[in-house]
Amino acid sequence: MKIVADENIPLVKEIFSRFGKIYCYPGRNMNNAIVSDAQVLLVRSITTVDKNLLDNTTVRFVGTATIGTDHIDQSYLQSQKICFSCAAGCNANSVAEYVMTALLVVARRHHLDLTGKTLGIIGVGNIGSIINRIAPALGFNVLLNDPPLARQTGDPRYLPLDDVIAQSDIVTCHTPPDSFRARSDLSPY
């Protein structure tokens, strides 16, 4: 099996060589000629995967080593019966641990006691749900906001955004950047 991969995917040869022959290229240089006779394509966010790249190729599986999928034309893949997988959630533990560590470092540097402080978590998906589990162990009270989950579950733990912001000492956001477009007074940056 021929596997074409972005050369910047860590350990790609070590991990995938047992499945076939690995050919690595810079993600920016991926083109139709390079992938024409490959069965597997492994990319990062720098490579746009669409009809231009895959038309008349033998690619049957596309994987991205990223959580984002905006560089992948999933409708095209589906129409061509090309399997697809992304790495959503793969770094959720690391990000959650980083957020909590950053809070502890700031607290230590500024001689703050975080015990009893209220942490607002905006977005309770992969990362937010882990922070929600960790935060109480560090003495935080937690408030949650996730409108899609609130609609799906009807769970009263999910509060309106304005309430979470007003009642929290610290707020951490774990949502797609475009989720803030509806609010002119908020920015993810």
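It should be noted that the structure appears before, not after, this text.
This is a predicted model, so every value here is computed, not measured. (Residues numbered from 1 in each chain as written. Predicted model: local features only at pLDDT ≥ 70, side-chain atom pairs only at ≥ 80, totals over all residues. Heavy atoms only, no water.)

(A) Up close: the packing of helix α5 (residues 92-109) against helix α6 (residues 126-134). Interaxial distance between α5 and α6 falls to 8 Å at its minimum, and their mutual angle equals 50 degrees. Taken together, the axes of α5 and α6 lie oblique to each other. The chirality of how α5 crosses α6 is right-handed. Taking contact as the criterion, the partners of A92, N93, V95, A96, V99 and M100 in α5 are, on α6, N126, I127, I130, I131 and I134. By residue class, the composition of the contact of α5 with α6 is nine nonpolar, two polar and no charged. (Axes fitted to C-alpha atoms, helices over the stretch in contact; angles between N-to-C directions. Helix = DSSP H or I, 4+ residues; strand = E, 2+ residues; numbered from the N terminus. Parallel < 35°, antiparallel > 145°, perpendicular 65-115°, else oblique. Left-handed = near helix turned anticlockwise from the far one by under 90°. Contact = heavy atoms within 4.5 Å. Nonpolar A, V, L, I, M, F, W, Y, C, P; charged D, E, K, R; others polar.)

(B) Local environment of the environment of N31. In this structure, N31 sits in the loop between β2 (21-25) and α2 (32-35). Taking the C-alpha atoms as reference, N31 lies 8.1 Å from N52; in sequence the two are 21 residues apart. In terms of polar contacts, N31 uses its side chain to reach the backbone amide nitrogen of A33, at 3.0 Å. (Polar contact = N/O pair within 3.5 Å; in protein donor to acceptor, adjacent residues only side chain to side chain.)

(C) View of the sheet that holds strand β6 (residues 118-122). Here we have three strands laid out as an open sheet, ordered β7-β6-β8, and parallel in their pairing. Every interior strand has two partners, whereas the edge strands, β7 (141-145) and β8 (170-173), have only one. For this sheet, the mean angle separating the axes of adjacent strands, direction not counted, is 20 degrees. Summarising the sheet, β6 and β7 pair through five bridges and their orientation is parallel. Note on β7: the bridge partner recorded for L119 is V142. (Pairing = 2+ DSSP bridges.)

(D) Local environment of the sheet that holds β2. Spatial strand order, β2-β1-β3-β4-β5: five strands in an open sheet with parallel pairing. What marks the edges here is a single partner per strand, and that holds for β2 and β5 (83-85). The average undirected angle you get between the axes of adjacent strands in this sheet is 15 degrees. Sheet analysis places strand β4 (residues 61-64) next to β5, joined by three bridges and oriented parallel. Its bridge partner lying in β5, G63 is registered against S85.

(E) Main features of the layout of surface pockets. In this structure, the largest pocket encloses a volume near 450 Å³. Surrounding the largest pocket, 15 residues form its lining, I67, N126, I127, H174 and T175 being those nearest its centre. Taken together, the elements giving at least two residues each to the lining of the largest pocket come down to α5 and α6. Of all the elements, α6 adds the most residues to the lining of the largest pocket, at three residues. Residue composition of the lining of the largest pocket, by class: seven nonpolar, eight polar and no charged. (1 Å grid on protein atoms, 1.4 Å probe; cavity = no way out; pocket = protein on both sides within 12 Å on 5 of 7 lines; lining within 4 Å. Points joined across faces, edges and corners; volume = space filled by probe spheres on them.)

(F) Up close: the side chain of T57. By secondary structure assignment, the location of T57 is in the loop between α3 (51-54) and β4. What makes T57 buried here is its relative accessible area of 15%. At 3.4 Å, the side chain of T57 forms a polar contact with the backbone nitrogen of V59. Discounting residues that sit within four places of it in the chain, T57 has contacts with N32, V35 and S36. (Buried < 20%, exposed > 50% of the residue type's maximum accessible area, 1.4 Å probe, protein only.)

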